[in-house]
Amino acid sequence: LHVASAGSGTYGPYATAATCPRLRLPGTTRLVLRTSLARSEGSASKQFCCGAPGGTNNILCGDIGGDNRCVDASANLFCRIAPRVQACCGDAMCEGAETETSCAVDCAAEPPPPPVCTYADPTVSISPSTQDITTDGGSAGYTVNITNNDTTACADSSFNLIVSDTDTGVNFVVPSTLGQGSVTLAPAASTGVSLTVTAQSGAPNGATNDSSVTTADPAANHADVTSNAVTTSINVGGGGVVCEDITTRNACRNEPTCQWKKNACITR
């Protein structure tokens, strides 16, 4: 026969003396029959007993096949053969008087959903914005900064780096040189890659080249992103060739980047 305690303690639906041995029913506990779990009044056909293995109209514990008189979770009715003891915090069951406050280990709130990966296009920029080349055939160095803006739930992403120059190779060596052709970054990580712009030997003062870098994702999770353009100017002092400063025909003709035309030396 299923019994329930009417004492001061609150008892959970699954804790038993085997699963929670340190707790026992107090000897003074008064046991009463729960009419929702057993009925001994009325005609014999209406009488039943929960948990008894034999007899008339007996309902076995766990047998809910259409008959929830002994097992009805919505009504907080549970049937067991072993006697119930007080709810045991730490037995992985939230029962009886246990709450999230009194026994968080058993009654913890549902865990939050796992984080979701959200792709975001990277940020790419070049600094500084301008530089001068002051020696014939010299170079200017820049830093390309790339940041992966994906959320932390995403895997690492790789970006190919493509450099573009406005000069066609007349006054500058094109394409300009990147320190590496691709980068792999974790979400929220950043890195810097060198960019070197080199002048052609004998290039005239005042010649300029605008350079930019574009990121391309081979996995197609991000759109192509192009950086700002940086401007490199040739400004050779003290020995640099400025054709317009040459005043004699022979001296002009001796410079490969100059030509004498209409009694003046000009840049080819």
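Going by the structure above, here's the rest.
Undergrad: Tell me about the overall build of the protein, residues and numbers included.
TA: A count of helices and strands for the protein gives two helices and 17 strands. Taken over 268 residues, the protein has a buried fraction of 33%. Sequence separation of at least 24 residues holds for 60% of the intrachain contacts in the protein that already meet a minimum separation of 6.

Undergrad: Lay out the sheet that holds strand S12 (residues 190-199) in plain terms, naming residues and giving numbers.
TA: What the four strands build is an open sheet, ordered S6-S8-S12-S10; its pairing is antiparallel. Where the open sheet ends on each side, the last strands, each with one partner, are strand S6 (123-127) and strand S10 (172-178). Taken pair by pair, the neighbouring strands of this sheet meet at an average axis angle of 20°, ignoring direction.

Undergrad: A description of the pairing of S6 should follow, citing residues and the corresponding values.
TA: Only one face of S6 is covered, namely the face carrying Val124 and Ile126; the face carrying Thr123, Ser125 and Ser127 is uncovered. Of the strand pairs in this sheet, S6 and strand S8 (residues 139-147) are connected by five bridges, and their pairing is antiparallel. Note that in S8 the partner of Val124 across the bridge is Ile146.

Undergrad: Requested: an account of the state of the cysteines, with residues and values cited.
TA: Enumeration according to the criterion identifies five disulfides in this entry. The side chain of Cys94 participates in a disulfide bridge whose partner is Cys107; the two sulfur atoms lie 1.9 Å from each other. Because the torsion about its S-S bond is 100°, the bridge between Cys94 and Cys107 counts as right-handed. Here Cys94, found in the loop between strand S5 (58-59) and helix H1 (104-107), pairs with Cys107, found in helix H1; they are 13 residues apart in sequence, far enough to count as distant. A relative accessible area of 10% places Cys107 in the buried class. For Cys252, the disulfide goes to Cys265, at an S-S distance of 2.2 Å. Between Cys252 and Cys265 the sulfur-sulfur dihedral comes to about 80°; the bridge is accordingly right-handed. Separated by 13 residues along the polypeptide, Cys252 in helix H2 (residues 249-253) and Cys265 in strand S17 (residues 265-267) bring together distant segments of the chain. Here the two residues Cys252 and Cys265 agree in accessibility, since each one is buried.

Undergrad: So what about the pairing of S8? Which residues, and what values?
TA: Side chains of S8 alternate between two faces, with Ala140, Tyr142, Val144 and Ile146 buried and Ser139, Gly141, Thr143, Asn145 and Thr147 left unburied. One ladder, built from nine bridges, connects S8 with S12; its direction is antiparallel. Each residue of the ladder has a partner; that of Ile146, found in S12, is Thr191.

Undergrad: So, the environment of Ala199: which residues are in play, and what are the values?
TA: One can find Ala199 in strand S12. In this structure, the C-alpha to C-alpha distance between Ala199 and Asn209, residues ten residues apart in sequence, is 9.2 Å. When neighbours within four sequence positions are excluded, Ala199 is seen to be in contact with Ile133, Gly137, Gly138, Asn171, Phe172, Val173 and Ile234.

Undergrad: Lay out the nonpolar core in plain terms, naming residues and giving numbers.
TA: If you look at the biggest cluster of nonpolar residues, it comprises 25 residues, and the most contacted ones within it are Val144, Ile146 and Leu178. Among the nonpolar cores identified, the runner-up in size contains five residues, and Ile246, Cys252, Cys258 and Cys265 belong to it.

Conventions used here
Residues numbered from 1 in each chain as written. Predicted model: local features only at pLDDT ≥ 70, side-chain atom pairs only at ≥ 80, totals over all residues. Heavy atoms only, no water. Helix = DSSP H or I, 4+ residues; strand = E, 2+ residues; numbered from the N terminus. Buried < 20%, exposed > 50% of the residue type's maximum accessible area, 1.4 Å probe, protein only. Contact = heavy atoms within 4.5 Å. Pairing = 2+ DSSP bridges. Axes fitted to C-alpha atoms, helices over the stretch in contact; angles between N-to-C directions. Disulfide = S-S within 2.5 Å. Core = buried A, V, L, I, M, F, W, Y, C linked by side-chain atoms within 4.5 Å.

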